[in-house]
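# Coordinate inspection notes
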Amino acid sequence: MSKNIFALYSKLLVLSSLFLVLCSCNKKEVSIIEPEVIKQLPVINVDSIFINLDDEIIKKKAASIDKVFSNLRRKIGFNGTVLYAEQGRIIYNKAWGYRNLRKRCDSLQSDDIFQLSSVSKMFTAEAVMILKNEGLIDYDVDIREYIPEFPYEGITTRLLLNHRSGLSRYESLADAKWPDRKKPFLNEDMIEYYAKYQPTPYFKPDGGFNYSNVNYALLASVIERVSGMSFADYMRVKIFEPIGMDNSYIYEMNPDANVSLYIEDVVQGYYMDRRRPMQAPNEYLNGVKGDKMMMSNTEDMFKFMTAVDYGLLLPDSIQDEAFKPGSPKSRKRKDNYGFGWRIPDKYPGCYYHYGWWKAYRSFFIRDDVDDRTIIVLTNTNKGPNSDHFWKI
């Protein structure tokens, strides 16, 4: 803008000079403008002339969001971190409440790391799509191509991604059969137990939709078998490091050690069902990865959304499948499911996922129509429902 004003000012000087020359053409001597006259131009601060309307709009939006969470804090004790972005720009990024809810001390910070619960699934799906893009897997091949000992026929990677495998819950299987809950139950143990006990599926492969953690736990195992890397290492090398998610990782348990009392180096979760908040202990099922157990913060998650939007991890031809409905429309089901993302009928052009596991709740909502993103991470088993966030 300053360059345009400079040019306009120069042109006016030149035109003025020509006018003076023409007016003096009947005289014997013509005045010549010395070069020094146009050397010194006034310094114009363009920013002082125009009002930055974006800043005013952003301040109003941030204030309105702050009011929502201030009310939630006052009414129901909201405890967590919030990030809101629009048009690729972070407008609101704030923490509410405490790391230590029992003593009500140690205030949360906006960059604190939480366990993402089922929001982990979108990252697992992204890793599977990267394998697809590299030509290492086929969505429609029986997963026994990758996990030969798995006992069920006809289950494909695509069916796992879309939650259409029909498999029963691994949590129920482990609760019934795992002999020592002081020892972690891992993905390989899960596969072994399905092969050993062969629990009856809920329905045949592709016979319906049933959201179940087992689908994404198996996808993590497929990633390990195909890549030859641990799931945690694959996620770090293929997703976290390339896009600068420096505060993200997959939690891993040592198979030879007892389950630790608590998960270290993250914000602790709390159960709010009693008089005083109770810190959530670590447990044996936290050894299963892919469906949960990713650790991250709101800023890293927004980096991921930006990478997805700009095709930094995958070409559009592969990435777009994440947001395509994987099941036929049904009156019984208001939302559909793509690859790691839920697809709501109520909000066309929007995608989301929630998480809820052992005193952690998480929310990730993406509006592609207006280019808006809201991420909410909490460390309590009770809190506001998602309706508050859709209204923002």
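Just above sits the structure.
The present account deals with the structure reproduced in this document. Model, not experiment: these values are computed from the prediction.

Another aspect to go through is the environment of Asn336. Secondary-structure assignment places Asn336 in strand E10 (residues 335-337). By relative accessible area, which is 8% here, Asn336 ends up buried. Separated by 127 residues in sequence, Asn336 and Phe209 have C-alpha atoms that sit 9.2 Å apart. In this structure Asn336 touches Pro325, Gly326, Ser327, Pro328, Trp341, Arg342 and Ile343, once residues within four positions along its chain are discounted.

Let us now look at the pattern of salt bridges. Counted according to the given criterion, the structure contains 23 salt bridges. Between Arg99 and Asp106 there is a salt bridge, and its shortest N-O distance comes to 2.7 Å. Asp142 is the salt-bridge partner of Arg144, the closest N and O atoms lying 3.4 Å from each other. Counted as one network, the salt bridges with shared partners bring together Asp309, Arg366, Asp368 and Asp371.

A few words now on unusual backbone geometry. Positive phi is not limited to glycine here, since Arg104 has a value of about 50°. Under the relative-accessibility criterion, Arg104 is labelled exposed at 52%. Residues other than glycine seldom take positive phi values, yet Ala359 does so here, at roughly 75°. Summarising the element assignment, Ala359 is placed in the loop between strand E12 (350-357) and strand E13 (360-367).

Attention shifts here to helix H9 (residues 298-309). Between its first and last C-alpha atoms H9 spans 17 Å; for 12 residues at 1.5 Å apiece the expected length is 16 Å, and the two agree. Positive phi appears at Gly311, one or two residues downstream of H9, with a value of about 65°.

Attention shifts here to the environment of Glu192. Summarising the element assignment, Glu192 is placed in helix H6 (residues 187-197). In this structure the C-alpha to C-alpha distance between Glu192 and Glu149, which are 43 residues apart in sequence, comes to 8.1 Å.

With eight of its eight residues buried, E13 lies for the most part within the structure. The alternating pattern of E13 places Tyr360, Ser362, Phe364 and Arg366 on one face and Arg361, Phe363, Ile365 and Asp367 on the opposite face, and all of these are buried. From the end of E12 to the start of E13, which pair antiparallel, there are two residues, and Lys358 there has a positive phi angle of about 50°. In this sheet, strand E14 (residues 372-378) lies alongside E13 in antiparallel orientation, the contact comprising seven bridges. For Arg366, the partnering residue across the bridge sits in E14 and is Thr373. The antiparallel pairing of E13 with E14 creates a hairpin that spans four residues between the two strands, and Asp371 there sits at a positive phi of about 55°.

Rules behind the numbers
- Residues numbered from 1 in each chain as written.
- Predicted model: local features only at pLDDT ≥ 70, side-chain atom pairs only at ≥ 80, totals over all residues.
- Heavy atoms only, no water.
- Helix = DSSP H or I, 4+ residues; strand = E, 2+ residues; numbered from the N terminus.
- Buried < 20%, exposed > 50% of the residue type's maximum accessible area, 1.4 Å probe, protein only.
- Contact = heavy atoms within 4.5 Å.
- Salt bridge = Lys/Arg side-chain N within 4 Å of Asp/Glu carboxyl O.
- Expected span 1.5 Å × (residues − 1).
- Pairing = 2+ DSSP bridges.

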